[in-house]
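# Structural features, examined
Each chain, letter by letter, is given below.
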Amino acid sequence: GPNMVGPSEIEIRDSDGESRILELIVSASKLSMARQEGGRQGLRKQVFIFTFRDITQRKKSEEAQRKAREMAEAANRAKTEFLANMSHELRTPLNAIIGFSEIMKTEVFGPLGSPQYVDYTNDIHNSGSHLIEIINDILDMSKIEAGELKPNEEVFEFTRVAETCLRLVADRAMKGNVKIVNQEQPDVPQLLADERMTKQILLNLLSNAVKFTPEDGSVTLSASAGADGLEFSVSDTGIGIPADKMVVVLAPFGQADMTLEREYEGTGLGLPLVKSMTELHGGQFELTSVVGEGTTAKVWLPAERLVEEQKIA
């Protein structure tokens, strides 16, 4: 076949003085032998074909895409930095609110007077604690997006962390009349992972499940370890997630349904955080759901994260 040379780009000006970009491709055919009379080999012939193509539009569109991508990246960086700074700014006064309301509700320096004041300080304390949780979620998500959050690895009991998380959601489950079932296998070994992140993963999944499960429903925690790693899941009999909203609930700062999130308070960062934190540990997160029947959130962590007893010794 012909030997291709190029393509190379040439900038020219058209009759209106506008700049145009042409792509030039040169192709050369094979040398051929022309037979002459008497059977002698004759001259070699070679044909060059020059092809010009106007690629001005393509170039303009590529440049526009590049600029748009750069602007989006810059905006994203600015948003991440802004959220990180804001979160720090907000935490300082919040810590004071939480600390002082704690002192007031325990009436350390004497009685507050009316019992209503005790109720109010309780509400102030709870609201402050809720706010700081939201701020921590935003801060974590910002750090993950900026690539700044790294797991702080240590060896700990997975079952102990799971028990803590189950205790933390028990009160809310009881109020909502939701049954919690613990189906953890007894032989789950210790984990080498970030304990805070593991707790956050479990807590987010459990509180989400309890939050979106109506009365008389149930939430089940399962965990088992095998040769391929640790798998734990939280299944609920809740309202479920529509298939078209699956991508949205896993995208940072994109809530499945703004009205839903307003009805069931929260930042909508629970699942994106679970997904990101699982992936930071080399694991995988999988979400399956049927509307009106419930949702199962499954986390898999690789085998190298499991620590057998003898390894510790």
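Here the structure is shown first, and the text comes after it.
Rules used throughout
Residues numbered from 1 in each chain as written. Predicted model: local features only at pLDDT ≥ 70, side-chain atom pairs only at ≥ 80, totals over all residues. Heavy atoms only, no water. Axes fitted to C-alpha atoms, helices over the stretch in contact; angles between N-to-C directions. Helix = DSSP H or I, 4+ residues; strand = E, 2+ residues; numbered from the N terminus. Parallel < 35°, antiparallel > 145°, perpendicular 65-115°, else oblique. Left-handed = near helix turned anticlockwise from the far one by under 90°. Nonpolar A, V, L, I, M, F, W, Y, C, P; charged D, E, K, R; others polar. Contact = heavy atoms within 4.5 Å. Pairing = 2+ DSSP bridges. Salt bridge = Lys/Arg side-chain N within 4 Å of Asp/Glu carboxyl O. Buried < 20%, exposed > 50% of the residue type's maximum accessible area, 1.4 Å probe, protein only.

Quick look at the packing of helix α1 (residues 56-105) against helix α2 (residues 115-145) now. Here α1 crosses α2 at 155 degrees, and the two axes come no closer than 8 Å. Relative to α2, the element α1 is oriented roughly antiparallel. Handedness of the α1/α2 crossing: left-handed. Residues that form the contact of α1 with α2 fall into these classes: 14 nonpolar, 13 polar and five charged.

Turning next to the side chain of H281. Considering the arrangement of structural elements, one finds H281 in the loop between α7 (270-280) and β11 (284-290). Residue contacts for H281: discarding those within four places in its chain leaves P151, A193, D194, M197, L301, P302 and R305.

On to the sheet that holds strand β13 (residues 306-307). Strands sit in the order β6-β8-β13 across an open sheet of three strands; the sheet is antiparallel. What marks the edges here is a single partner per strand, and that holds for β6 (153-156) and β13.

Overall, mixed pairing links the five strands, which are arranged β7-β9-β10-β12-β11 in an open sheet. The open sheet has two edge strands, β7 (179-184) and β11, and neither has a second partner. On average, each strand axis in the sheet is tilted by 10 degrees relative to the strand beside it, whichever way the strands run. Note that β7 and strand β9 (residues 218-226) share six bridges and pair parallel. When the sheet's bridge partners are listed, I180 is paired in β9 with V219. Contacting β7, β9 and β10 (229-236), helix α3 (residues 158-175) crosses the sheet at an angle of about 170 degrees to β7.

All right, on to the packing of α2 against α7 then. Across the interface, α2 lies against α7 with an axial gap of 10 Å and an inter-helix angle of 45 degrees. Judged by the inter-axis angle, α2 sits oblique to α7. Seen from above, α2 lies across α7 with left-handed handedness. Mapping the contact onto sequence places D137, D140, M141 and I144 in α2 and P272, L273, S276, M277 and L280 in α7. The residue makeup of the contact of α2 with α7, split by class, is six nonpolar, one polar and two charged.

On to the pattern of salt bridges, then. Applying the stated criterion across every chain yields a total of 14 salt bridges. The shortest N-O distance in the salt bridge between R20 and D54 comes to 3.1 Å. With R20 in strand β2 (residues 19-28) and D54 in strand β5 (residues 48-54), this pair connects stretches of sequence that are 34 residues apart. R20 gets classed as partly exposed once you look at its relative accessible area, which sits at 26%. With a relative accessible area of 42%, D54 lands in the partly exposed category. In this structure, D244 and K245 form a salt bridge, with 3.9 Å as the shortest nitrogen-oxygen distance. Under the relative-accessibility criterion, K245 is labelled partly exposed at 27%.

In short, geometric facts, not functional conclusions.
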